[in-house]
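Chain residues, written in single-letter form:
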Amino acid sequence: MNADTKTAATPTGNVAALLANLKKESLGYKLIEVASAAEPPGRQAAVAAALQAQVKALSKAFAYAKDQVD
Amino acid sequence: MPKIKWIEINGFRSFGDGPQRIEFGSPIAVAWGPNSQGKTSIAEAVEFLLTGIICRCELTASSQDEFADALRNAHMPATAKVFVGACIETAAGTLHTVQRVLVDDYGKKNKCSSTLTVDGKSASQDDLKHLGLHLSAPPLSAPILFQHTLGYLFSVSPKERSMYFKTLLEVADLEELREAIAEAGKLIVGAPPALLSKLQTCAATLKNGTRLQSLLTLIPSAKGIGSAFSETASDLLKAAGVPVPTDEEERYVQVRDLLTRLRSKTFPMAGLAVPSAAAWSAPADATWEDIEAFLQKTKDADEETKRLTRLFSEVLAVPSVATIASPIDCPVCATPKALTPDRVQAIRNRLTANRDYDSSRRKAESALGDIEGMAKSLVGIASQMRPKPVTLGREWRRKNGFGIRKVRELLGTTADPLVREWLRSTAQLLRAIRAVKLAGTNAGNASKTFNGNLTDQTSTALLKQVFETCATAYVKMGEIQAQYAASTARLRNELQVVIDKRTAVEGWEDFLELATCQAELLDVLAQHSAAAMIVDQHTQALKDIDRAIESVLESKFSGLSSEVGAWWERLRPDEKTYFYSVKQRPKARRTVDFKAGLCQGPDRKKAPLRDAVAVFSQSQLHCLGLASFLARSMREPNGFMVFDDPVVSSDEDYRAHFVCTVLEELIKLGQQVILLTQDQRTWKDVSERYASKDVDVFQITRDTGVTTVVKTSDDLMAMMMKAEPYVRSDHPELRKRAAEVLRDAVERFCKEMLVKSRRVQGDGAARITDYDGRTLGDLFPKVHPLLKDASHAGKLKVMERFLNPGKHDDTVPSKGELTCALGDLKKLREDYLK
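Note that the coordinates shown come from a computational prediction; the quantities given were computed from them, not determined experimentally.

## Considerations on the overall build of chain A
At step 1: When you go through chain A residue by residue, the secondary structure sums to three helices and zero strands.
At step 2: Reading the secondary structure of chain A in the N-to-C direction produces α-α-α.
At step 3: Across the 70 residues of chain A, 40% fall into the buried class.
At step 4: The contacts in chain A between residues at least 6 apart in sequence include a share of 46% that link residues at least 24 apart.

So this is what it looks like as structure tokens:
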């Protein structure tokens, strides 16, 4: 997850219970963190932005691997 | 928790025009009324106040028009206001008046609408939350239990039941998060970039496309891409029997040549090449300025000087003239002494005035030369823009098989409109080119003629006009050429597909294009692979989240199960068939089951489990509905609950447990209970059992056509009955309570005496409430004159004295004093009020 992604300081209630049932390093955990930190109108956009950041980071990683190979 | 102090109903369902206020002073109230007297109207009035609707409409109406005009009393004038109000005491002890006014009743096609106010100010549903009033999941939003809502959970679809419980268990927020994450996942892969689409199409259509296909599934590298393209080019050449060059770039050149050769065997596409239009513009203003400057000088110059300028220049170049100091003979006509120094000076001055005339003429001639050149260039440009089939010539067309017949043969009759459009645009372009060439030729000729007679010209207007015609024709030709290019492109694209198919070179063109942009392709493929990988991870993340939500729900359902079970046991203790659990069906997130345990003895450990909906009797399902309602209401405590005939009167055990155990538990938990029943035994049982709680007892009648609610716990007889069990009690606290009730009863006696007297005297409007807040001290002087026996005044006075200490914390009245007071009061009631 990119560094500037907003996350809730301390999730409470259901979200905390949900996170307790997910592995901390999993994408599901990170996406729940992002989604719960955003207000409903922008929630989907926040998650989409986080996923796009993941795609971008991975693309860069591929590019780096490509440079190493080439 | 909030409590209802009173409710006020006007014009709602069976209530008439004139507000009816029902006051609550006790944590428990019980109202009895036979069928069709308005019990449900009271419960629905509270529901309407809290939610703005009645859930019966949502649950039972098979079509909306069944509930048309259901809320407004049908006999009331249309102008009369329909409203329900209540005074809510919040947990902090503050009092607030809430009122909901019906604006539009249920219609044939619309729901009802209303306005809400809190303390006289317009309010929203959210404002009720500030008073501590929380609504539950619809459709059973309000803490009100109706007969028709008891079976709701067993009659709805599994999905609706599941949604109801999930909302109740407050996991809808998790579902919302999950939904947002799922929806966001759909945005990971956007519209594919053009390059990726091209690669996908090429890999799918190219006969040797497997190497390119693999690029779409592997993590990309420049080396891999280069190799895939180079090897594919090699495969294409080998398949055509063409030697494969070692140099990579040379391979693509060979493939291109091969493609052109193969295509041209089917159709000479060169005939559909579109020449690009060369730029041309009319002469600039500066060009015309040079010509116009000369014309101006011509106009200004003296005609004689113009004619003799050259001669004068030569004369002044003669040394004797140039250095003249005294008159000399003229070197032109030999007139003696004709040239004087003054005359030579005059000639010199005239020549100086016209010294740049020649230079100006040269500039004008040069400009006209340029203009003529531009006209010629326009003719050239127009010639170059002729369609290729024309420039290539008839012989080329015949030799290469270019013709409309061939095009039609390739495309079939469906392409006729396309072919006709192309022919039309070709003809238009040829006409436009001819027009430009004609205008250019005319302009060239005009420029030449103008230049030849330059000194005789006076204006450039006509010449300019000729060039303006050129510019107009050129612009027009450009527009038509664009139309021709577009229609040719359409025809070419259609042909290309057919030709490539016939020639078996589909995908070659894309392949060659892609081969030239491998660096960009690498970026696109990196993005594509990354997106595909994140899509997989996202799918897995959703599965993980689903499992996690199920775990959270499981834990919450377990808690709810225990709560429903606890209420069940209060209602039906130790039954062999019992409620076991409410939980989600394994691997079916959208299904919630109620499970029943079936045991033969007291040991429930080995009881087989069955679906409660299938094995429970109607009475048990009824009870399960009530237990679920109680569990739900305690999870979202509003501080009060309204029950509209919650128990079946024929189910004696169940009824008794409800009255004794459940109501007591609810009061213990701080709940205000408002019980409406048609069962007189339940009404009496509750009135007596909870007399110590000052239970509010009401009777509901509809004797006058509209529902009337009378608080019978306030009437004299009820008060005396309430006091009776305590007057002989050994317990001082109970006797103190009896004294309080008896004192209220004496006050009530006095008020009823006064009202009766006024009514006898013709005051029909006299009401008990006229004396609200009056004490015995106020009332006695008014009652004395009405007493028929002098001893009665004394009895009342003694009663006041006996009963007074009970109100204060002094000596508690004795059993004897209380018994006497009660006896005297009964006698007085017999004498005066019966």
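Here the narrative resumes.
## Here we look at the interface of chain B and chain A
At step 1: Between chain B and chain A, the contact holds 35 residues from the first and 27 residues from the second.
At step 2: Those elements giving two or more residues to the side of chain B that touches chain A turn out to be helix 7 (172-185), helix 10 (222-239) and helix 22 (518-571) of chain B.
At step 3: Per-class residue counts for the side of chain B that touches chain A are 22 nonpolar, seven polar and six charged.

## With respect to the nonpolar core
At step 1: Among the nonpolar cores identified, the biggest contains 150 residues, and Ala35 and Val47 of chain A together with Val30, Val46 and Ala627 of chain B are the most heavily contacted of them.
At step 2: Among the elements that line this core, the one with the most residues is helix 22 of chain B, at 20 residues.
At step 3: A domain split of this core shows at least three residues from each of domain 1 (3-143 + 636-701) and domain 2 (194-271 + 504-535) of chain B.
At step 4: Beyond its immediate chain neighbours, meaning those up to four positions away, Val47 of chain A contacts Leu31, Val34 and Ala35 of chain A together with Ala180, Ile181 and Ala184 of chain B.

## Topic: the confidence of the model for chain B
Atom-level detail of predicted coordinates should not be read off regions where pLDDT is low.
At step 1: Taken as a whole, chain B shows an average pLDDT of 87; of its residues, 96% reach a score of 70 or greater.
At step 2: Interface confidence in the predicted complex, given as ipTM, is 0.86; pTM for the same model is 0.56.

## Describing helix 26 (residues 680-689) of chain B
Given 3.6 residues per helical turn, the α-helix brings residues three or four places apart onto the same face.
All names here are of chain B.
At step 1: For helix 26, every residue scored as buried is listed here: Thr682, Trp683, Val686 and Ser687. When helix 26 is viewed along its axis, its buried side chains cluster within an angular range of 130° and face the same direction.
At step 2: Structurally, helix 26 contributes buried residues whose contacts are with strand 3 (28-32), helix 25 (652-668), strand 13 (672-677) and strand 14 (696-701).

## Regarding the packing of helix 7 of chain B against helix 22 of chain B
A pair of packed helices is characterised by two quantities: the angle between their axes and the separation of those axes.
All names here are of chain B.
At step 1: Running from N to C, helix 7 and helix 22 cross one another at 175°; their axes reach a closest spacing of 11 Å. Between helix 7 and helix 22, the crossing angle belongs to the class labelled roughly antiparallel. The segment helix 7 lies against helix 22, with Leu174, Arg178, Ile181, Ala182 and Gly185 engaging His538, Leu542, Ile545, Ile549 and Val552.
At step 2: Taken together, the residues that form the contact of helix 7 with helix 22 break down as seven nonpolar, two polar and one charged.

## So, the packing of helix 18 (residues 404-411) of chain B against helix 20 (residues 461-503) of chain B
Residue and element names in this part refer to chain B.
At step 1: At their nearest, the axes of helix 18 and helix 20 sit 10 Å apart, and the two run at 65° to each other. The angle between helix 18 and helix 20 places the two elements in the roughly perpendicular class. Taken as a pair, helix 18 and helix 20 cross one another with a handedness that is left-handed. In this structure, helix 18 uses Val407, Leu410 and Leu411 to contact helix 20, whose residues at the interface are Glu494, Leu495, Val498 and Ile499.

## Let's talk about unusual backbone geometry
All names here are of chain B.
At step 1: Of note, Arg13 is a non-glycine position whose phi angle comes to about 50°, a positive value.
At step 2: Along the chain, Arg13 falls in the loop between strand 1 (3-10) and strand 2 (20-23).
At step 3: Judged by local crowding, Arg13 falls into the buried class, with 22 C-beta atoms found within 10 Å.
At step 4: Here Ala334, not a glycine, exhibits a phi torsion of approximately 65°, which is positive.
At step 5: Within the secondary structure, Ala334 is located in the loop between helix 14 (319-322) and helix 15 (341-353).

Conventions adopted
- Residues numbered from 1 in each chain as written.
- Chains lettered and ligands numbered in written order.
- Predicted model: local features only at pLDDT ≥ 70, side-chain atom pairs only at ≥ 80, totals over all residues.
- Helix = DSSP H or I, 4+ residues; strand = E, 2+ residues; numbered from the N terminus.
- Buried ≥ 20, exposed ≤ 12 C-beta atoms within 10 Å, placed from the backbone.
- Contact = placed C-beta atoms within 7 Å.
- Nonpolar A, V, L, I, M, F, W, Y, C, P; charged D, E, K, R; others polar.
- Core = buried A, V, L, I, M, F, W, Y, C linked by C-beta atoms within 7 Å.
- Domains from an automatic or database assignment.
- pLDDT = per-residue confidence, 0-100.
- Arc of directions from axis to C-beta.
- Axes fitted to C-alpha atoms, helices over the stretch in contact; angles between N-to-C directions.
- Parallel < 35°, antiparallel > 145°, perpendicular 65-115°, else oblique.
- Left-handed = near helix turned anticlockwise from the far one by under 90°.

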